[in-house]
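In case you want the letters, here they are:
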Amino acid sequence: MKITGVEIRPGNIIEYEGGIWKVTKIQHTQPGKGGAYMQVEAKNLIDGRKLNNRFRSADTVEKVRLDTKDFQFLYAEGDDLVFMDKDSYEQITISKDVVGEAHEFLQDGMEVVLELWEERPISVELPEQIEATIVEADAVVKGQTASSSYKPAILDNGVRVMVPPHITSGTRIVVNVYDREYVRRAD
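Rules behind the numbers
Throughout this document, residue positions are counted from 1 along each chain, in the order its sequence is written. Residue-level local features of this predicted model are given only where pLDDT is at least 70; pairs of side-chain atoms are given and counted only at 80 or more, and the full residue set underlies all totals for whole chains, interfaces and linings. As a rule here, side-chain values come from all non-hydrogen atoms in the structure, and water together with hydrogens is ignored. Among buried residues, the Ala, Val, Leu, Ile, Met, Phe, Trp, Tyr and Cys ones that are joined through side-chain atoms within 4.5 Å form a nonpolar core. Buried, partly exposed and exposed residues are distinguished by accessible area as a fraction of the type maximum, computed with a 1.4 Å probe on protein chains only: under 20%, between the cut-offs, and over 50%, respectively. Numbered from the N terminus, helices here are DSSP runs of H or I no shorter than four residues, and strands are runs of E no shorter than two. The contact criterion used throughout is that any non-hydrogen atoms of two residues lie within 4.5 Å. What fixes the domain bounds is an automatic or database domain assignment. What gets called buried area is simply the loss in accessible area from a 1.4 Å probe that two parts show on being joined, summed for both. Put simply, a salt bridge is a Lys or Arg side-chain nitrogen that is within 4 Å of an Asp or Glu carboxyl oxygen. For the purposes of these results, a polar contact is taken to be a pair of N or O atoms within 3.5 Å, where, inside protein, one atom must be able to donate a hydrogen and its partner to accept one; residues adjacent in sequence count only when each atom of the pair is a side-chain atom. Any residue that is not Ala, Val, Leu, Ile, Met, Phe, Trp, Tyr, Cys, Pro, Asp, Glu, Lys or Arg is counted as polar, Gly included; the first ten are nonpolar and the last four charged. One bridge is not enough; two strands pair if DSSP finds at least two bridges between them. Note on geometry: axes are lines fitted to C-alpha atoms, helical ones only across the stretch in contact, with angles between N-to-C directions running from 0 to 180 degrees.

## Regarding the nonpolar core
Consideration 1: In this structure, F83, V112, L114, L126, L155 and I173 are the most contacted members of the largest nonpolar core, which totals 29 residues.
Consideration 2: Those elements that provide at least two residues to this core are β7 (67–77), β8 (80–85), β9 (91–95), β10 (111–117), β12 (129–137), β13 (151–155), β14 (160–163) and β15 (172–176).
Consideration 3: Setting aside its immediate chain neighbours within four residues, L126 contacts V99, A102, F105, L106, M110, V112, V177 and Y178.
Consideration 4: In terms of nonpolar packing, the next biggest core, distinct from the first, is built from twelve residues, W21, V23, V40 and V61 among them.

## What about unusual backbone geometry?
Consideration 1: Phi is positive for E17, which is not a glycine, with a value near 50 degrees.
Consideration 2: Position of E17 relative to the elements: it lies in the loop between β2 (13–16) and β3 (19–29).
Consideration 3: Its relative accessible area of 67% is what places E17 among the exposed residues.
Consideration 4: We note that Y89 has phi near 60 degrees; this positive angle belongs to a residue other than glycine.
Consideration 5: As for its position among the elements, Y89 is in the loop between β8 and β9.
Consideration 6: For Y89, a relative accessible area of 60% gives the class exposed.

## Quick look at the domain arrangement of the protein
Consideration 1: Along its sequence, the protein is organised into domain 1 (1–61), domain 2 (65–123) and domain 3 (127–183).
Consideration 2: Between domain 1 and domain 2, the C-alpha centre-to-centre distance is 28 Å.
Consideration 3: Taken together, the contact between domain 1 and domain 2 spans four residues of the former and four residues of the latter.
Consideration 4: Both sides together, the interface formed by domain 1 and domain 2 hides about 480 Å², and carbon and sulfur atoms give 76% of it.
Consideration 5: One can count zero salt bridges joining domain 1 with domain 2.
Consideration 6: If you look at where domain 1 meets domain 2, you find zero residue pairs in polar contact (both at pLDDT 80 or more).
Consideration 7: Of the residues that constitute the side of domain 1 that touches domain 2, the class distribution is four nonpolar, no polar and no charged.

## Some points on the sheet that holds β9
Consideration 1: One open sheet accounts for five strands, arranged β9-β8-β7-β10-β11; its pairing is antiparallel. Both edges of this open sheet fall to β9 and β11 (120–125), since each of them pairs with a single strand only. If you compare each strand with its neighbour and ignore which way they point, the axes differ by 45 degrees on average.
Consideration 2: The pairing of β7 with β8 spans six bridges and is classified as antiparallel. Residue A76 lies in a different strand from β8, and its bridge partner there is L81.

## Overview of the environment of K151
Consideration 1: Within the element layout of this structure, K151 appears in strand β13.
Consideration 2: Accessibility expressed as a relative area gives 8% for K151, which makes it buried.
Consideration 3: Here the alpha-carbon distance between K151 and P121, two residues 30 residues apart in the chain, equals 38 Å.
Consideration 4: Those residues within four positions of K151 in sequence are excluded, and the remaining contacts are A137, D138, V140, V161, M162, V163, P164, P165 and I167.
Consideration 5: Separated by 3.2 Å, the side chain of K151 and the backbone oxygen of P165 make a polar contact.

What follows is the structure, encoded as structure tokens:
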């Protein structure tokens, strides 16, 4: 689907100069002289390059629709992650770079959503929140209540998060995958 340069919005996936780009930021500008344009910041979904470009209202770009499919995480193998298609049971290997830092939260059997472009995996979407166990938590410093007294803790997957003082080692908590923040104690 073709859209004009001024119809581009953050989150759009566009095809431009032979690449697939995810729009991260836009700024609409109307200079006193000349036509209006859209300043677009985007990230290439294939190789991670950044793009900063001006699109005038006369310019057109192709808006891409990605296919989404349910997969299940099986295991990690070096720098690669192996997923299984829940419909066909076919296995697919994806680099950890595609998932980004969130790969540390992957758990065996976790259900994820893969975004595919022309049958090629572009991104992996994990659940917003996961449950994890605290393996190490610092002791609380008495009398340090003037500020919000969160303390560092290490989860069973090796990720470091800040938790409230009442949380101790061995406690199951819910963590936001993308912010890496404590949400609540697990039930």
